[in-house]
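Residue-level structural notes
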Amino acid sequence: MSITSVKEHFHRVGRAQDVREYATSSATVEMAAATIGVLPARIAKTLSFRGAEDQAILVVGAGDAKIDNKKFRERFGFKARMLTPEEVLEQTGHEIGGVCPFGLAHELEVYLDVSMKRFTTLFPACGSTNSAIELTCDELAMYSGSKDWVDVCKGWNEDETPVLEEGTTL
């Protein structure tokens, strides 16, 4: 069970108690936002792409951001092609709806999109369709072992979205 691997991951850094499990689903950005009680933009969604040599790469972005194919190609040197649900499970160990950059089945490159930097805290999934953890951008970078911050998303505008302080809800 992938939430177990995520809890083990956070146990090693003394944060397992911060993994939240909910009675309702958090499988989509909208469901997670409703379940947690925050703006959808504060959900940190993890997207899985086919990288070099069939090794997946993960891009974590704000819930209101979408991949910009041109920016993605310019940054990574290949077309953004998402993995199938089966490939996601095989590469990450997490099923769609619970994919996160923690407790992975394989060591994968993780990149964080700048769309998340406008928030004090965000809520990535924790390996199941009803879990999340509240993290700062620095914590997300540290705990995910991310390689870099990238700018590969569109559909969000930092000038129009207020920065919400930790604990702020809808």
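The structure contained in this document is the topic of the report that follows. In this text, all values refer to a predicted model and were calculated from it rather than measured experimentally.

A word on the pairing of strand S5 (residues 109–113)
Along S5, four of the five residues are buried, which leaves the element largely enclosed by surrounding structure. Across four bridges, the pairing between strand S3 (residues 56–62) and S5 is parallel. Looking across to S5, one finds that Val-60 is bridged to Leu-112. Bridging between S5 and strand S9 (residues 148–150) involves three bridges; their strand directions are parallel. Bridge pairing links Leu-112 to Trp-149 in S9.

With respect to the sheet that holds S3
Spatial strand order, S8-S6-S2-S3-S5-S9: six strands in an open sheet with mixed pairing. Of all the strands in the sheet, just strand S8 (135–136) and S9 have a single pairing partner and so form its edges. Strand direction decides the pairing type here: strand S6 (residues 121–124) and S8, joined by two bridges, are antiparallel. Residue pairing for S8: Leu-122 is matched across the bridge by Leu-135. Lying over the sheet, helix H2 (residues 29–36) contacts strand S2 (43–50) and S6, oriented at roughly 155 degrees with respect to S2. Its contacts with the sheet place helix H3 (residues 69–76) against S2, S3, S5 and S9, and it is angled at close to 130 degrees to S3.

Here's the deal with the side chain of Ser-26
Turning to its location among the elements, Ser-26 is positioned in the loop between strand S1 (20–21) and H2. Within the local environment of Ser-26, its side chain forms a polar contact with the backbone nitrogen of Ser-131, the two atoms lying 3.1 Å apart. Sequence-distant contacts of Ser-26, defined by excluding residues within four places in its chain, comprise Met-31, Ala-32, Gly-97, Thr-129, Asn-130 and Ser-131.

Focus: the nonpolar core
If you look at the biggest cluster of nonpolar residues, it comprises 29 residues, and the most contacted ones within it are Phe-10, Phe-102, Met-116 and Leu-140. Looking at this core, the elements that each hand over two or more residues are helix H1 (2–11), S3, S5 and helix H5 (137–144). When sequence neighbours within four positions are dropped, the list of residues in contact with Leu-140 reads Ala-44, Val-60, Pro-101, Phe-102, Leu-112, Met-116, Pro-124 and Leu-135.

Details of the environment of Ala-65
Examined against the element boundaries, Ala-65 turns out to sit in the loop between S3 and strand S4 (66–67). A C-alpha to C-alpha distance of 19 Å links Ala-65 and Thr-35, two positions 30 residues apart in sequence. Not counting the four nearest positions on each side in its chain, Ala-65 is found in contact with Lys-45, Ser-115, Cys-153, Lys-154 and Trp-156.

Observations concerning the environment of Gly-63
As for its position among the elements, Gly-63 is in the loop between S3 and S4. A C-alpha to C-alpha distance of 8.4 Å links Gly-63 and Glu-30, two positions 33 residues apart in sequence. With residues near it in sequence (within four places) discarded, Gly-63 still touches Val-29, Pro-40, Ala-41, Ile-43 and Lys-45.

Let's talk about the pattern of salt bridges
Throughout the structure, instances matching the rule amount to ten salt bridges. Close ionic contact of Arg-50 with Glu-87 constitutes a salt bridge, the shortest N to O distance being 2.5 Å. Taken together, the positions of Arg-50 in strand S2 and Glu-87 in helix H4 (residues 85–92) put the pair 37 residues apart, joining distant regions of the chain. A salt bridge links Asp-151 to Lys-71; the nearest nitrogen and oxygen atoms lie 3.1 Å apart. Taken together, the residues Asp-151 in the loop between S9 and strand S10 (153–154) and Lys-71 in helix H3 connect sequence positions 80 residues apart. Taken together, the salt bridges that share partners define one network made up of Arg-15, Asp-18 and Glu-139.

Cut-off values and rules
Residues numbered from 1 in each chain as written. Predicted model: local features only at pLDDT ≥ 70, side-chain atom pairs only at ≥ 80, totals over all residues. Heavy atoms only, no water. Buried < 20%, exposed > 50% of the residue type's maximum accessible area, 1.4 Å probe, protein only. Helix = DSSP H or I, 4+ residues; strand = E, 2+ residues; numbered from the N terminus. Pairing = 2+ DSSP bridges. Contact = heavy atoms within 4.5 Å. Axes fitted to C-alpha atoms, helices over the stretch in contact; angles between N-to-C directions. Polar contact = N/O pair within 3.5 Å; in protein donor to acceptor, adjacent residues only side chain to side chain. Core = buried A, V, L, I, M, F, W, Y, C linked by side-chain atoms within 4.5 Å. Salt bridge = Lys/Arg side-chain N within 4 Å of Asp/Glu carboxyl O.

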